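Survey of secondary and tertiary structure
As a plain string of letters, each chain reads:
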Amino acid sequence: MAGEQSHDVAQCKRVDEGINRVFQLLGKRWTGPIVSVLTSGPAYFVALRRAIPGISERMLSDRLTELAAAGLVVREVYEGPPLRVVYRLTESGAALEPALAELGGWAKKYLGDGERPEGC
């Protein structure tokens, strides 16, 4: 077709593959808050659930399983009684802390402070 410019797909702007992979994992609902809570240290399942209002046990379990499969979280079982399960960040999971702190600062600056529940 005369006058039509050719389109070079290689020259199109594309999302960085690393950013794409990060948000495929951390962009899922609840994943960021779970990692954020664990940046302050290991936590029992019940403590994680209390720290993240609105998350169901099933969803917390699913997200922790995904984070473990991605190598960001380790699940440690301590025989009882009672049986206790502790979750902690791996070295690669802990390396997310500066990025999460930056995102939190950005949110406070540009999204404002959300209302906190009483007593927090």
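Residue positions are given per chain, counted from 1 along the sequence in the order it is written. For a predicted model such as this one, the threshold for reporting local features is a pLDDT of at least 70, and the threshold for listing and counting side-chain atom pairs is 80 or more; totals across whole chains, interfaces and linings nevertheless cover every residue. Values reported for side chains reflect all heavy atoms of the structure, with hydrogen atoms and water molecules removed beforehand.

As named in an unreviewed UniProt entry, the protein chain is Helix-turn-helix transcriptional regulator, taken from Streptomyces chartreusis.

1. A word on the layout of surface pockets
Space inside and on the surface of the protein is sampled on a 1 Å grid over the protein atoms alone, with a cavity defined as a set of points where a 1.4 Å probe fits but cannot get out and a pocket as an open set with protein on both sides within 12 Å along at least 5 of 7 lines; lining residues have an atom within 4 Å of a point. Grid points are joined across faces, edges and corners, and a volume is the space filled by probe spheres set on the points. Taken as a whole, the second largest pocket spans an internal volume of roughly 170 Å³. Helix numbering and strand numbering both begin at the N terminus, where a helix is a DSSP run of H or I of at least 4 residues and a strand a DSSP run of E of at least 2. At the level of secondary structure, the elements contributing two or more residues to the lining of the second largest pocket comprise helix H1 (17-26) and helix H6 (97-110). Looking at which element gives the most residues to the lining of the second largest pocket, the answer is H1, with four residues. Of the residues contributing to the lining of the second largest pocket, the split by class is eight nonpolar, no polar and no charged. Classification convention: Asp, Glu, Lys, Arg as charged; Ala, Val, Leu, Ile, Met, Phe, Trp, Tyr, Cys, Pro as nonpolar; all other residues, Gly among them, as polar.

2. Some points on the environment of Arg-49
Tracing the backbone shows Arg-49 in helix H3 (residues 45-51). For Arg-49, a relative accessible area of 35% puts it in the partly exposed group. Note: C-alpha distance between Arg-49 and Ile-34 (15 residues apart in sequence) is 9.0 Å. Non-local contacts of Arg-49, meaning those with residues more than four positions away in its chain, are made with Ile-55, Ser-56, Glu-57 and Leu-60. Only protein chains enter the accessibility calculation, which uses a 1.4 Å probe. A residue is then buried if its area is under 20% of the maximum for its type, exposed if over 50%, and partly exposed in between. Whether two residues touch is decided by their heavy atoms; if any such pair falls within 4.5 Å, the residues are in contact.

3. Considering the nonpolar core
With 17 residues, the main nonpolar core has Ile-34, Leu-38, Leu-48, Leu-64, Val-73 and Tyr-87 as its most contacted residues. Among the elements of the structure, helix H2 (31-38), helix H4 (57-69) and strand S3 (84-89) are those that each provide at least two residues to this core. Discounting residues that sit within four places of it in the chain, Val-73 has contacts with Leu-38, Leu-64, Leu-67, Ala-68, Tyr-87, Arg-88, Leu-89 and Thr-90. In this text, buried Ala, Val, Leu, Ile, Met, Phe, Trp, Tyr and Cys residues form a nonpolar core when linked through side-chain atoms within 4.5 Å.

4. A few points about the sheet that holds strand S2 (residues 73-78)
The rule for pairing is simple: two strands pair if DSSP sees at least two bridges between them. The three strands are arranged S1-S3-S2 in an open sheet whose pairing can be described as antiparallel. Sheet topology places strand S1 (43-44) and S2 at the edges, where each strand pairs with a single neighbour. The pairing of S1 with S3 spans two bridges and is classified as antiparallel. Across the sheet, the residue bridging to Tyr-44 is Val-86, located in S3.

5. Observations regarding the packing of aromatic side chains
Two aromatic rings, drawn from Phe, Tyr or Trp (for Trp, its six-membered ring), form a pair once their centres lie within 6.5 Å of each other, and the interplanar angle then sorts them: stacked below 30 degrees, edge-to-face above 60, tilted otherwise. All chains considered together, the criterion is met by two aromatic pairs. Geometrically, the ring pair formed by Phe-45 and Tyr-87 is tilted, given 6.4 Å between the ring centres and 55 degrees between the ring planes. With Phe-45 in helix H3 and Tyr-87 in strand S3, this residue pair connects regions lying 42 residues apart in the sequence. Judged by relative accessible area, which is 7%, Tyr-87 ranks as buried. Between Trp-106 and Tyr-110 the ring centres are 5.8 Å apart and the planes differ by 40 degrees, which places this aromatic pair in the tilted class. Taken together, the residues span about one helical turn, with Trp-106 and Tyr-110 both in helix H6 at a distance of four residues. Assessed through its relative accessible area of 52%, Tyr-110 is described here as exposed. Criterion for a charge above a ring: Arg CZ or Lys NZ at most 6 Å from the ring centre, at most 35 degrees from the ring normal. Against the face of Tyr-44 rests Arg-84, its NZ or CZ located 3.8 Å from the ring centre.

6. Quick word on the pairing of S3
Here S2 pairs with S3 via six bridges, running antiparallel. Directly across from Val-77, in S3, lies its bridge partner Val-85. Connecting the antiparallel pair S2 and S3 is a turn made up of five residues.

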